[in-house]
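What the coordinates show
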Amino acid sequence: EAGVAQSPRYKIIEKRQSVAFWCNPISGHATLYWYQQILGQGPKLLIQFQNNGVVDDSQLPKDRFSAERLKGVDSTLKIQPAKLEDSAVYLCASSHTTGIPNEQFFGPGTRLTVL
Amino acid sequence: AQSVTQPDIHITVSEGASLELRCNYSYGATPYLFWYVQSPGQGLQLLLKYFSGDTLVQGIKGFEAEFKRSQSSFNLRKPSVHWSDAAEYFCAVASYTGRRALTFGSGTRLQVQP
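Predicted model, so just to flag it, every value in this text is computed and none were measured. (Residues numbered from 1 in each chain as written. Chains lettered and ligands numbered in written order. Predicted model: local features only at pLDDT ≥ 70, side-chain atom pairs only at ≥ 80, totals over all residues. Heavy atoms only, no water.)

With respect to the sheet that holds strand β7 (residues 65-68) of chain A
Residue and element names in this part refer to chain A. The line we're drawing: Two strands qualify as a pair provided that DSSP identifies no fewer than 2 bridges between them. Numbered from the N terminus, helices here are DSSP runs of H or I no shorter than four residues, and strands are runs of E no shorter than two. Axis lines are fitted through C-alpha atoms, for helices just across the contact stretch, and the angle between N-to-C directions can take any value from 0 to 180 degrees.
Strand order across the open sheet formed by 4 strands is β1-β3-β8-β7, with antiparallel pairing between neighbours. Of all the strands in the sheet, just β1 (5-7) and β7 have a single pairing partner and so form its edges. Strand-to-strand, the axes of this sheet are offset by a mean angle of 15°, without reference to chain direction. For β1 and strand β3 (residues 19-24), the ladder comprises 3 bridges, and the chain directions are antiparallel. Paired with S7 across the bridge in β3 is W22.

Looking at the state of the cysteines
For clarity, the threshold we go by: Sulfur atoms of two cysteines make up a disulfide when they are within 2.5 Å. Throughout, exposure labels follow a simple rule: accessible area from a 1.4 Å probe, protein chains only, divided by the maximum for the residue type, with under 20% read as buried, over 50% as exposed, and the rest as partly exposed.
Counted by the stated rule, this structure contains 2 disulfides over all chains. Here C23 of chain A pairs with C92 of chain A through a disulfide, and the sulfurs are 1.9 Å apart. Around the S-S axis, the bridge from C23 of chain A to C92 of chain A shows a dihedral of about -70° and counts as left-handed. You can see C23 of chain A sitting in strand β3 and its partner C92 of chain A sitting in strand β9 (residues 88-95), a full 69 residues away along the chain. Note on cysteine connectivity: C23 of chain B is disulfide-linked to C91 of chain B, with sulfurs 2.0 Å apart. Across the disulfide from C23 of chain B to C91 of chain B, rotation about the S-S bond amounts to roughly -65°, and the bridge is consequently left-handed. Pair noted here: C23 of chain B is in the loop between β3 (19-21) and β4 (24-26) and C91 of chain B is in strand β10 (residues 87-94), with a separation of 68 residues, a long-range link. The burial state of C23 of chain B is the same as that of C91 of chain B; both residues are buried.

Focus on the pattern of salt bridges
How we decide: Salt bridge, as used here: a side-chain nitrogen of Lys or Arg that lies within 4 Å of a carboxyl oxygen of Asp or Glu.
Across all of its chains, the model carries 8 salt bridges over all chains by this definition. Across the pair R64 of chain A and D86 of chain A runs a salt bridge whose closest N-O atoms are separated by 2.5 Å. Of this pair, R64 of chain A sits in the loop between β6 (53-56) and β7 while D86 of chain A sits in the loop between β8 (75-79) and β9, placing them 22 residues apart in sequence. For D86 of chain A, a relative accessible area of 3% gives the class buried. Between D8 of chain B and R22 of chain B there is a salt bridge; the shortest N-O distance is 2.9 Å. With D8 of chain B in the loop between β1 (3-5) and β2 (10-14) and R22 of chain B in the loop between β3 and β4, this pair connects stretches of sequence that are 14 residues apart. On the accessibility criterion, R22 of chain B (39% relative accessible area) is partly exposed. Several salt bridges converge on common partners, so that one network encompasses E64, E66 and R77 of chain B.

This is how it looks when you write it as structure tokens:
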């Protein structure tokens, strides 16, 4: 079974530029999560999708971050404009809706550096 | 709101020694509890999980964890550490209902001395 795929793995941008990250979850997983992991901290949830609907985006900075999951499969996370404090690893995870609750499988992450 | 505390930021142990990583959680009901490991440049890998039943759970790579409701703890243990266990370890909690996303602790970095 293929795991969660993310691209790019690394990205360096200047502040005020825009950037987009892509995630392809495990096949059949209805729930998709985006987490932000700042250096030295644990991951923090940004947004959670159930199929193509948003379950929770309460911690997403909506003035600059946006995310979508068209067709309930792939997802993109965008930052526009980026700030220095957005430097972090962005992790995508997916899980089944039913069965073992909340066992989330993580992708390798995208490391973003904002200069 | 649920939260997780990992009091040890950094731990160093000798190879072959035993290991215990501490985790305390705050949650209003019986939680779902997890331990994940993250090696440099890698995503998070699930070591073990507790949902209900036996309070001592076994995981991969020889790890185990014990859920103690009275202490709100879910400490991770390994009887003999290998050099390849050097990594960052995260404890996480999730609720039964609602958003079900994970709330992570700040992590414990494990170094293994030869």
